[in-house]
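Observations on the three-dimensional arrangement
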Amino acid sequence: MSLLRGRGGHTATALGDGRVLVIGGYPAESNTSAEIWDPASDTSSDAGRLDGRHFHTATPLDDGRVLVVGGLFNERSVATAQTWDPATGTFSPAGILATPRLLHSAARLSDGRVLIVGGVEEGTGGLIGEAEIWDPSTRTFSPAGTLAHARAWATATTLADGRVLVAGGPAAAEIWDPKTMSFAAAGKLHEARWFGTATLLPDGTVLLVGGFGGEGFGSDLPGQATVERWDPATQAFTAAGSLAEGRGMHQATLLGDGRVLISGGFVDPSPKPTSTTEVWDPSTGSLNPGPSLTTPRGAHTATLLPDGRVVVIGGDTVGREAISSVEYLAP
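These lines cover the structure that appears in this document, whether it is placed above or below. Here the structure is a predicted model, which means the values were calculated and not measured. (Residues numbered from 1 in each chain as written. Predicted model: local features only at pLDDT ≥ 70, side-chain atom pairs only at ≥ 80, totals over all residues. Heavy atoms only, no water.)

Concerning the pairing of strand 32 (residues 277-281)
Judged by how many residues are buried, strand 32 sits mostly within the fold: four of five residues are covered. Pairing of strand 29 (residues 260-263) with strand 32 involves four bridges; the strand directions are antiparallel. The residue bridging Ile262 from the neighbouring strand is Glu278, located in strand 32. Summarising the sheet, strand 32 and strand 33 (residues 286-289) pair through four bridges and their orientation is antiparallel. If you follow Val279 over to strand 33, its bridge partner there is Asn288. With antiparallel pairing between neighbouring strands as the criterion, strand 32 and strand 33 make up a hairpin whose turn holds four residues, including Gly285 at a positive phi of roughly 65°. (Buried < 20%, exposed > 50% of the residue type's maximum accessible area, 1.4 Å probe, protein only. Helix = DSSP H or I, 4+ residues; strand = E, 2+ residues; numbered from the N terminus. Pairing = 2+ DSSP bridges.)

Considerations on the pattern of salt bridges
Across all of its chains, the model carries 16 salt bridges by this definition. A salt bridge links Arg193 to Glu228, with the shortest nitrogen-to-oxygen separation between them at 2.8 Å. Remark: Glu228 occurs in strand 26 (residues 226-231) and Arg193 occurs in strand 22 (residues 193-194); sequence separation between them is 35 residues. Take Arg193 and Glu228: they sit in the same class, and that class is buried. With a shortest N-O distance of 2.7 Å, Arg297 and Glu327 are connected by a salt bridge. Of the two residues, Arg297 sits in the loop between strand 33 and strand 34 (301-304) while Glu327 sits in strand 36 (residues 323-329), which places them 30 residues apart along the sequence. Here the salt bridges share partners, and the residues they tie into one network are Glu245, Arg247 and Glu278. (Salt bridge = Lys/Arg side-chain N within 4 Å of Asp/Glu carboxyl O.)

Looking at the environment of His104
On the secondary structure map, His104 appears in the loop between strand 11 (90-96) and strand 12 (105-108). With 48 residues separating them in the primary sequence, His104 and Ala152 have C-alpha atoms 5.5 Å apart. Once residues within four sequence positions are removed from consideration, His104 is found in contact with Phe55, His56, Thr57, Val69, Gly70, Gly71, Ile116, Val117, Gly118 and Gly119. Reaching out from His104, the side chain makes a polar contact with the backbone oxygen of Val69 at a distance of 3.1 Å. (Contact = heavy atoms within 4.5 Å. Polar contact = N/O pair within 3.5 Å; in protein donor to acceptor, adjacent residues only side chain to side chain.)

Some details on the sheet that holds strand 28 (residues 251-254)
With antiparallel pairing, the four strands of this open sheet are ordered in space as 28-29-32-33. Strand pairing shows two members of the sheet lacking a second neighbour, strand 28 and strand 33, which therefore form its edges. Across the sheet, the axes of successive neighbouring strands diverge by a mean angle of 25°, strand direction being ignored. (Axes fitted to C-alpha atoms, helices over the stretch in contact; angles between N-to-C directions.)

Description of the side chain of His56
On the secondary structure map, His56 appears in the loop between strand 5 (43-49) and strand 6 (57-60). For His56, the side chain forms a polar contact with the side chain of Thr11, separated by 3.1 Å. Here the side chain of His56 touches Ile23 through a polar contact of 3.3 Å, landing on its backbone oxygen. Not counting chain neighbours up to four residues away, the residues in contact with His56 comprise Gly9, His10, Thr11, Ile23, Gly24, Gly25, Val68, Val69, Gly70, Gly71 and His104.

Notes on the environment of Asn31
With respect to the secondary-structure elements, Asn31 resides in helix 1 (residues 28-31). For Asn31, a relative accessible area of 4% translates into the label buried. Separated by 41 residues in the primary sequence, Asn31 and Leu72 place their C-alpha atoms 9.0 Å from one another. Within the local environment of Asn31, its side chain forms a polar contact with the side chain of His54, the two groups lying 3.5 Å apart.

Let's talk about the pairing of strand 26
Two elements, strand 24 (residues 206-209) and strand 26, share four bridges in a ladder whose sense is antiparallel. Bridging from a neighbouring strand, Leu207 pairs with Arg229 of strand 26. Both strand 26 and strand 27 (residues 236-242) contribute to a ladder of five bridges, which runs antiparallel. Of the residues in strand 27, the one forming a bridge with Glu228 is Ala239. Linking strand 26 back to strand 27 in an antiparallel pair, the connection comprises four residues, with Gln235 at a positive phi of about 55°.

Observations regarding the sheet that holds strand 7 (residues 66-69)
By definition, the strands of a sheet pair up through backbone hydrogen bonds, in either a parallel or an antiparallel sense. Taken together, four strands build an open sheet; the order of strands is 6-7-10-11 and the sheet is antiparallel. Strands at the two margins of the open sheet, each flanked by one partner only, are strand 6 and strand 11. Across this sheet, the average inter-strand angle for adjacent strands is 25°, counted without regard to direction. In terms of strand pairing, strand 10 (residues 80-85) meets strand 11 through five bridges, oriented antiparallel. Bridge pairing links Thr83 to Ser92 in strand 11.

The structure is reproduced here in structure tokens:
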């Protein structure tokens, strides 16, 4: 099973009809293209052209469209945003960021707006502290506060009360409040982590898994094996198990039974891609081996399907050698 093109650093968004929209990614021939993976036929079809980008974000909107923001193209950070419309299968302009960025985070809010946080401004190489908010009614961005700690490839998780937890990068986490449009301290991770994952659990807590360790920025840092859980009631992080091997640029997918599937990523040494998966169990707070991937990969996507399977799409072997294969995991 294969995509039309190999992709790494792309996005995959579940659509309402069970298909998956795959956008952008590297190498260059994939930057400006999108395709739709259909699990019913195990085939992919073209889904239009867009401004070239990888390491962008793609956020599903309330009306079924998908908002695509920022990214990297021709070694420059991207300022444009576009929406993909399932009715037409085409992309349309959706505003321009005040600060071009890649490796940022995006969170859809309860009112349908989308918060964009942090990232890197390629060219200067600087981490971004400013946040912006996109309004679907005006298709424009406006300022949304400034982080206390600039960060990239962090996570942004919308909580049940409408606030957004921002974690990863520096150990200090922050929380954004839509009422004040500002950030406040939200506890401190036991270990700093970049390129990790955050998963909102059914009980309202947030599970943070793996990443690359250290207060510096980059994917050449040692992989983290630690797992932490953030409680909104106490705004504190507690230990929640340990991976068999530290990994970053992996994926964490919430399953229908409340468990979390951690798949692939890059592990030490080198780093090299792994085919291993692990499953975190909320009833025990521990991790167990999961089904192995056929192809070792990092910088891939892993999307839960209506039938309970997880579709794993594309990714990278090492050195930006993009993968075109697709496979399923059934934990």
